[in-house]
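Now for the letters of each chain:
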Amino acid sequence: MTVHLEVADGVGTLRLDRPPMNALDIALQDRLKELAEEVTHREDVRAVVLYGGEKVFAAGADIKEMQAMDHTAMVVRSRALQESFTAVARIPKPVVAAVTGYALGGGCELALCADFRIAADNAKLGQPEILLGLIPGAGGTQRLARLIGPSKAKDLIFTGRQVKAEEALGLGLVDRLAPAAEVYEQAHAWAARLAKGPALALRAAKECVDAGLETDLESGLAVERTWFAGLFATEDRERGMRSFVEDGPGKAVFR
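Keep in mind that this is a model prediction, so the values were computed, not measured.

1. Focus: the overall build of the protein
Right, on to step 1. When you go through the protein residue by residue, the secondary structure sums to 11 helices and 9 strands.
Right, on to step 2. Against the globule reference of 18 Å for 255 residues, the protein gives a C-alpha radius of gyration of 19 Å, in line with a compact fold.
Right, on to step 3. Each principal axis of the C-alpha distribution contributes one length, and for the protein these read about 65 × 40 × 35 Å.
Right, on to step 4. Within the span of the protein, comprising 255 residues, buried residues form 44% of the whole.
Right, on to step 5. Relative to all contacts within the protein whose residues are 6 or more apart in sequence, the contacts with residues 24 or more apart total 69%.
Right, on to step 6. Between the averaged position of the 31 positive side-chain charges in the protein and that of its 36 negative side-chain charges there is a distance of 1 Å.

Printed below as a string of structure tokens:
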């Protein structure tokens, strides 16, 4: 298998496994979508880590495979490519990317699908598709601009340059740096902490933020208002408020 799912302590790790560089070929894309849909529905998975292994996250698409495709083939495949990444972005649970080594092209686009990115201090990220006479095709032109702003996104996309970890942190492309040997450990700890939280409230928070970015303020507020009121029907809300009143903040245990 090109992607493995490992579950422990409420955290599902989606690990890319296509040595040596985790090139994102069609088989890997399809497997990624399959597992993203699985963790979406599994109740024992409450948070997710995206991981490529100790040496590399993903260095990009399988160029040899793409070179053999003509326009007609890519018209058909491009939708499936985007859908595999969108399946990850739509996981209704906290998702953190543990970025080691290279996260280029499709690898960078996959990291963009996470809610939070922890990168090794020696990691390199970028969208080098322009150097092939192409543009990012798995969401890079859209998610990157939404994350770091259009001007910074255009700089990376127009030039195809790679950015080192420190610059990526400054751009807001990643959220935290860690020694390479500790990246997965820190990502898993972040996910495990959230896995203990109220699952439906976390889902609501993620949907409100993501949906709000795609619409106007009034519509975003309406989504928030609906979810906010709806959570008053949940056991977690009752449990959380009762714990706050009786024991003080931050001591509730959610089921």
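2. Some details on the packing of aromatic side chains
Right, on to step 1. In the structure shown here, the tally under the stated rule is 3 aromatic pairs.
Right, on to step 2. Ring plane angle 5° and centroid distance 5.0 Å describe the contact between Phe-116 and Trp-190, whose orientation is recorded as stacked. Of this pair, Phe-116 sits in strand β6 (residues 116-120) while Trp-190 is found in helix α8 (residues 183-195), placing the two residues 74 residues apart along the sequence.
Right, on to step 3. The class of Phe-116 is buried, set by a relative accessible area of 17%.
Right, on to step 4. When the centroid spacing of 5.6 Å and the interplanar angle of 70° are considered together, the rings of Phe-228 and Phe-232 count as edge-to-face.
Right, on to step 5. Accessibility expressed as a relative area gives 38% for Phe-232, which makes it partly exposed.

3. Re the state of the cysteines
Each disulfide is one covalent bond, formed between the sulfur atoms of two cysteines.
Right, on to step 1. Inspection of every chain in the model, using the stated rule, returns 0 disulfides.
Right, on to step 2. Looking at Cys-108, it has no disulfide partner, and the nearest cysteine sulfur is the one in Cys-113, 10 Å off.
Right, on to step 3. Taking relative accessible area as the criterion, Cys-108 reaches 1% and is therefore assigned buried.

4. Considering the sheet that holds strand β7 (residues 124-126)
Right, on to step 1. In space, the 3 strands of this open sheet follow the order β5-β7-β8, with mixed pairing throughout. In the strand order of this sheet, the two ends are held by β5 (102-104) and β8 (162-164), each with one partner. Within this sheet the neighbouring strands show an average axis-to-axis angle of 20°, counted without direction.
Right, on to step 2. By the bridge criterion, 3 bridges tie β7 to β8 in an arrangement that is antiparallel. Across the sheet, residue Gly-126 finds its bridge partner in β8, namely Gln-162.

Calculation rules
- Residues numbered from 1 in each chain as written.
- Predicted model: local features only at pLDDT ≥ 70, side-chain atom pairs only at ≥ 80, totals over all residues.
- Heavy atoms only, no water.
- Helix = DSSP H or I, 4+ residues; strand = E, 2+ residues; numbered from the N terminus.
- Rg over C-alpha atoms; globule rule 2.2 N^0.38 Å.
- Buried < 20%, exposed > 50% of the residue type's maximum accessible area, 1.4 Å probe, protein only.
- Contact = heavy atoms within 4.5 Å.
- Lys, Arg positive; Asp, Glu negative; His and termini not counted.
- Charge placed at Lys NZ, Arg CZ, Asp CG, Glu CD.
- Phe/Tyr/Trp six-rings, centres within 6.5 Å; stacked < 30°, edge-to-face > 60°.
- Disulfide = S-S within 2.5 Å.
- Pairing = 2+ DSSP bridges.
- Axes fitted to C-alpha atoms, helices over the stretch in contact; angles between N-to-C directions.

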